[in-house]
Amino acid sequence: MISCNVIPILVVAFVTSQAVQCATVSSNDHFVQSQYHDHKEMTSLLKSLADDYPDLARVYSIGKSVEDRDLWVIQISDNVTQRELLEPKFKYVANMHGNEAVGRELLINLAKYLLENYKTDNRIKHLVDNTDIHMMPSMNPDGFAKAKEHDCNGLVGRRNAQGIDLNRDFPDQFSHDNKKTFAPETEAVMKWIHRQPNFVLSANLHGGALVANYPYDSGPEKDEDDSKNHGETDTYSGSPDDGLFKSLALTYSNHHPLMKTGHGCKDYFFKGGIVNGAAWYDVKGGMQDYNYLHTNCYEITLELSCCKYPGRRHLPTFWKRNKESLLAFMEKVQTGIWGTVQDIEGKPIQGAVVTLYKSTHPVFTSDEGEFWRLATPGKHFITVYIPNTLIGTSIEVQVKDHFPVKVMAKVDFDKEKIELKTV
């Protein structure tokens, strides 16, 4: 048996169709363990991180699972107990399918990594100082409690304790099912992501393939979920921000040594390591589409392991492969166009609409008048207007790749005009 913890050279093994690259863990990754944490252990670990780093981390629950387990989130930022104006919110959510376990441990390790390296790594310090980071290691702790290690393709633990697939439980734009009730885990997440200010960028972490999946997950031509037909050609369902979503997905894939090849798992090939969700297989009620359509958040879905629940000895390897991708994707929240909308007395205006030319998808200002509009590098025309009025204006801005363009809008309701400028 090959041990990924003790052999200091590159070795390749094949386990359940997953190429496992074994390598030593670098000195600043000393905390990475070949261990899965059950709910009690995860709870204790997250709370101990918050205790050890009280100025940088706090742990909170957004609700309870069916079997009364807390849905824990660890929040990390430089002033974690205070909201900072124009600091964007970012989130990772893992383990919404309880038997897809790698993401759960990746987020635990990521929390440790950010906190332990904050004072010694300028890149990490800049990210934490300028981002409000939220990570949920397990959206489906009940399913995880039932799932079995080494079960690569099974379904035990996938659903919640009510038998509901949480990634088919959100309202869907193309569904005729106007359901009014949701699983408690789904309802808790929906309430969480609607809090002010909205999240700006997000990814949910899955297993069973190796690809970065972007919206839309569903399309108008399908009446039923065809997720059993993995790998069959389906119909592309692009969003108004299709180019942006491709860029975000490529950010993750291009930093992953296997995903970027498109050949990470023997059963699939994905050009560039990315895929439009509906073009892969149609999913009604998915979480990534809900984020995009109902909040200001741009979310993609990350499939991170060919085996859904691989043996624990491979966890250091998964961390090594995904660490740079996780960080690079997070850094994308620090791009695009940011701004505030206020009246002439400096009072924030909530609910102002912000759009870009050639995209019909709006974002809305927060209760503090803030907005964050992700965009690909290049020239963009940005429009700000007040709903139900004739008040609006546009300017051209140049978006860079590594930092945001900041703008300010002043609204004069008496004169029915907006002054919009870069700052």
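Residues numbered from 1 in each chain as written. Predicted model: local features only at pLDDT ≥ 70, side-chain atom pairs only at ≥ 80, totals over all residues. Heavy atoms only, no water.

**Some points on the overall build of the protein chain**
Across its full length, the protein chain carries 9 helices and 18 strands. Residues counted as buried form 59% of the 423 residues belonging to the protein chain. Considering only intrachain contacts with a sequence separation of at least 6, the fraction spanning at least 24 residues in the protein chain is 74%. (Helix = DSSP H or I, 4+ residues; strand = E, 2+ residues; numbered from the N terminus. Buried < 20%, exposed > 50% of the residue type's maximum accessible area, 1.4 Å probe, protein only. Contact = heavy atoms within 4.5 Å.)

**Remarks on the pattern of salt bridges**
Scanning the entire structure with this criterion turns up 21 salt bridges. The salt bridge involving Arg 83 is made with Glu 370; its shortest N-O contact spans 2.3 Å. Of the two residues, Arg 83 sits in the loop between β4 (70-76) and β5 (89-94) while Glu 370 sits in strand β14 (residues 370-373), which places them 287 residues apart along the sequence. By relative accessible area, Arg 83 is classed as partly exposed at 40%. Exposure remark for Glu 370: the relative accessible area of 1% places this residue in the buried category. Here Arg 373 ties to Asp 241 by a salt bridge, and the two come within 3.0 Å at their closest N and O atoms. (Salt bridge = Lys/Arg side-chain N within 4 Å of Asp/Glu carboxyl O.)

**Structural notes on the packing of aromatic side chains**
The final tally for this structure, using the stated rule, is 21 aromatic pairs. Between Tyr 216 and Tyr 292 the ring centres are 6.1 Å apart and the planes differ by 55°, which places this aromatic pair in the tilted class. Of this pair, Tyr 216 sits in the loop between β8 (209-214) and α6 (242-254) while Tyr 292 sits in helix α8 (residues 287-294), placing them 76 residues apart in sequence. Using a relative accessible area of 8% as the deciding quantity, one classes Tyr 216 as buried. (Phe/Tyr/Trp six-rings, centres within 6.5 Å; stacked < 30°, edge-to-face > 60°.)

**Examining helix α2 (residues 102-116)**
The terminal C-alpha atoms of α2, which comprises 15 residues, lie 21 Å apart, in line with the 21 Å expected from a rise of 1.5 Å per residue. Within α2, 14 of the 15 residues are buried, leaving the element largely enclosed by the surrounding structure. (Expected span 1.5 Å × (residues − 1).)

**Regarding the nonpolar core**
Counting 99 residues, the largest nonpolar core has Ile 76, Tyr 92, Leu 110, Leu 114 and Met 135 as the members making the most contacts within it. Per element, the largest residue contribution to this core is 9 residues, and it comes from α2. Ignoring sequence-local partners within four residues, the contact set of Tyr 92 consists of Leu 107, Leu 110, His 134, Met 135, Met 136, Ala 203, Leu 205, Tyr 252, Ser 325, Leu 326, Phe 329 and Met 330. Met 96, Phe 170, Met 190 and Phe 199 belong to the second-largest nonpolar core, a separate cluster that totals 21 residues. (Core = buried A, V, L, I, M, F, W, Y, C linked by side-chain atoms within 4.5 Å.)

**Here we look at the state of the cysteines**
Counted under the stated rule, the structure contains 2 disulfides. Residue pairing for Cys 152: its cysteine sulfur links by disulfide to Cys 307, the two sulfurs lying 2.1 Å apart. Every disulfide takes its handedness from the sign of the S-S torsion; for Cys 152 and Cys 307 that torsion is -85°, giving left-handed. Taken as a pair, Cys 152 in the loop between α4 (141-146) and α5 (184-193) and Cys 307 in the loop between β10 (298-305) and α9 (315-331) lie far apart in primary sequence, 155 residues in all. In terms of burial, Cys 152 and Cys 307 fall into one category: buried. Note on cysteine connectivity: Cys 265 is disulfide-linked to Cys 306, with sulfurs 1.9 Å apart. Because the sign of the S-S torsion sets the handedness, a value of about -95° for the bond joining Cys 265 and Cys 306 places this disulfide among the left-handed ones. Of this pair, Cys 265 sits in the loop between α6 and β9 (274-276) while Cys 306 is found in the loop between β10 and α9, placing the two residues 41 residues apart along the sequence. A relative accessible area of 7% means that Cys 306 is categorised as buried. (Disulfide = S-S within 2.5 Å.)

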